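The lines below spell out each chain.
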Amino acid sequence: ILFTFGMETAYFRFATLPGADQKRIFNLAQTVVLTLSLFFSVLMISFAAPLAAGLHVSNHPEFIIWLTVVMFTDAAVSIPFARLRLEIRPLRFAIAKIINVLLLIGLNFFFLKMIYDPTVGVGYVFLANLIANAFYIIFFVRELFSWRPAIDPAISYPMVKYSYPVMLMGLAAMTNEMFSRLTLVWWLPKNYYGDQSQAHALGVFGACYKYAVLMSVAVQAFRFAAEPFFFSNASDKNSPALFAKVNHYFVIVCCLLLLGVSINMDIFKYFIGKEYWEGLSIVPVLLLAYLFLGVYYNFSVWFKITDKTYVGTFITAGGAALTILLNYLMIPLAGYTGSSWATAIVYFSMMTVCYWLGQKYYPIPYRVIPDLSYVVGTLLVSLFIANITIPNPWLSIVFHVGVMALFLAITYLIERNLRLREQSP
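Residues numbered from 1 in each chain as written. Predicted model: local features only at pLDDT ≥ 70, side-chain atom pairs only at ≥ 80, totals over all residues. Heavy atoms only, no water.

A. Region of the structure containing the overall build of the chain. Of regular secondary structure, the chain possesses 17 helices and zero strands. Overall, the chain is about 65 × 60 × 40 Å in size when its C-alpha atoms are taken along their principal axes. Counting all 425 residues of the chain, 44% fall into the buried class. Across the chain, contacts joining residues at least 24 apart in sequence account for 80% of those joining residues at least 6 apart. Within the structure as shown, the chain displays about 21,600 Å² of accessible surface, and the carbon and sulfur contribution to it stands at 71%. Separation between the mean location of the 27 positive side-chain charges and that of the 19 negative ones in the chain comes to 6 Å. (Helix = DSSP H or I, 4+ residues; strand = E, 2+ residues; numbered from the N terminus. Buried < 20%, exposed > 50% of the residue type's maximum accessible area, 1.4 Å probe, protein only. Contact = heavy atoms within 4.5 Å. Areas by Shrake-Rupley, 256 points an atom, 1.4 Å probe, with all protein chains shown as cover. Lys, Arg positive; Asp, Glu negative; His and termini not counted. Charge placed at Lys NZ, Arg CZ, Asp CG, Glu CD.)

B. Region of interest: the layout of surface pockets. Empty space within the second largest pocket amounts to approximately 620 Å³. Considering every element that reaches the lining of the second largest pocket, the biggest residue donor is helix α16 (residues 368-386), with six residues. Tallied by class, the residues present in the lining of the second largest pocket amount to 18 nonpolar, seven polar and two charged. (1 Å grid on protein atoms, 1.4 Å probe; cavity = no way out; pocket = protein on both sides within 12 Å on 5 of 7 lines; lining within 4 Å. Points joined across faces, edges and corners; volume = space filled by probe spheres on them. Nonpolar A, V, L, I, M, F, W, Y, C, P; charged D, E, K, R; others polar.)

C. Inspection of the environment of Arg 367 at higher detail. With respect to the element layout, Arg 367 can be found in the loop between α15 (309-361) and α16. According to the relative accessible area criterion, Arg 367 is buried, its value standing at 19%. It is 8.5 Å that separates the C-alpha atoms of Arg 367 and Asn 247, two residues lying 120 residues apart in sequence. With near-sequence residues (within four places) excluded, Arg 367 lies in contact with Lys 245, His 248, Glu 415 and Glu 422.

D. View of the environment of Pro 332. With respect to the secondary-structure elements, Pro 332 resides in helix α15. Residue classification places Pro 332 among the partly exposed positions, given a relative accessible area of 33%. When the C-alpha atoms of Pro 332 and Trp 187 are compared, they prove to be 6.4 Å apart, with 145 residues separating the residues in sequence.

E. A look at helix α7 (residues 123-139). In a regular helix each residue adds 1.5 Å, so 17 residues correspond to 24 Å; α7 covers 25 Å between its end C-alpha atoms and thus fits that length. What α7 keeps buried is the set Gly 123, Tyr 124, Phe 126, Ala 128, Ala 132, Asn 133, Phe 135, Tyr 136 and Phe 139. Lining the buried residues of α7 we find α4 (61-76), α5 (78-86), α6 (90-114) and α8 (141-146). (Expected span 1.5 Å × (residues − 1).)

F. Structural detail: empty space enclosed by the protein. A full pass over the atoms with the stated rule returns two cavities of 30 Å³ or more. In this structure, the largest cavity occupies an estimated 80 Å³ of space. Lining the largest cavity are Phe 222, Arg 223, Ala 226, Glu 227, Phe 230, Phe 231, Tyr 297, Asn 298, Ser 300, Val 301 and Lys 304. Secondary structure elements with two or more residues in the lining of the largest cavity: α10 (198-232), α13 (283-299) and α14 (301-305). Per-class residue counts for the lining of the largest cavity are six nonpolar, two polar and three charged. What lines the second largest cavity is simply Phe 299, Trp 302, Cys 354, Tyr 355, Gly 358, Gln 359, Tyr 362, Ile 364 and Tyr 366. With four residues, the top contributor of residues to the lining of the second largest cavity is α15. Residues of the lining of the second largest cavity, tallied by class, amount to seven nonpolar, two polar and no charged.

And the structure:
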């Protein structure tokens, strides 16, 4: 977050302004990112020994160095990746990401299964990340060599001014994302789950959180495409109606995903150990939380295209503070279930505040009632279907597929009728 400094969003904003020289904006953005990344990298490497000691790995300061280089390479290719998104080149983007993942998996298998040395230990994971990230440098070698260092106070300063609230927003968002896991260890009363420790509760929470990652990945994939799309269409007079339509269909897709995961937990639960099944009830709550977060990202378009990114910082910082407060209050009462509901409440609150402010400064005719109806309806159906037990797993799969097909059919009919109604004089 610090290394990239929110410059990806700034790049989208300034490269899509009328008359903008996209190549020059690329050079300016890349210069800022590499300069800051180099500064933070030198700082971290210089203090590798005390940092390693602070993380209780004093015998391995090289871990800090390796991770620093990993972050530097991530930052170095962040603007080239952003350019691919802006130029609508999803295939090249996907190829780079997929090859990186395959390399990472292969290297981890090689290091941990084939040549494992206990003296290196977890360092193999860091080393695998380092080598896999080196592939990015090769992949973007042409873009990196075509970059020319550039500083233009007339543009660079406004870009940094635009981007630093985005960076602060990222730090606050990371608090929202990770803090609940720490607080389970801090604030969960002893013997809350009988003889099980806080570590067990954290393990259950983490295992069940993996299912929410399905929604998180869908939201992230949507963001990759949506952010440059929003900036590219910002100057169009019909953009508010277009943005509302995009959000509407985004909600529908997320509802289908929420339904599909929630009603199939009797099958999906076998991907984790039985000792974690006790926490499966939090999965729909976490899925709902990420749906709210995705809608918040859609609503946030207003402060990004009106250059009021500081508003996003205040909203996300408020969300971080609310995360701390709600976890403090709810974990002692409801354990990891309370933490899950805290996450959903925080993201719902951020979404609501962003919508309210957006309607004041950049009105967009979002389909609030239909969108809420889809979410509430999906939750009710998920709750009802999840309580129907079918002993035969194959019959259960057929039944659940049928439910999802019915959901799609009803959705199609509703959307068709709405479209016909809008087209009628």
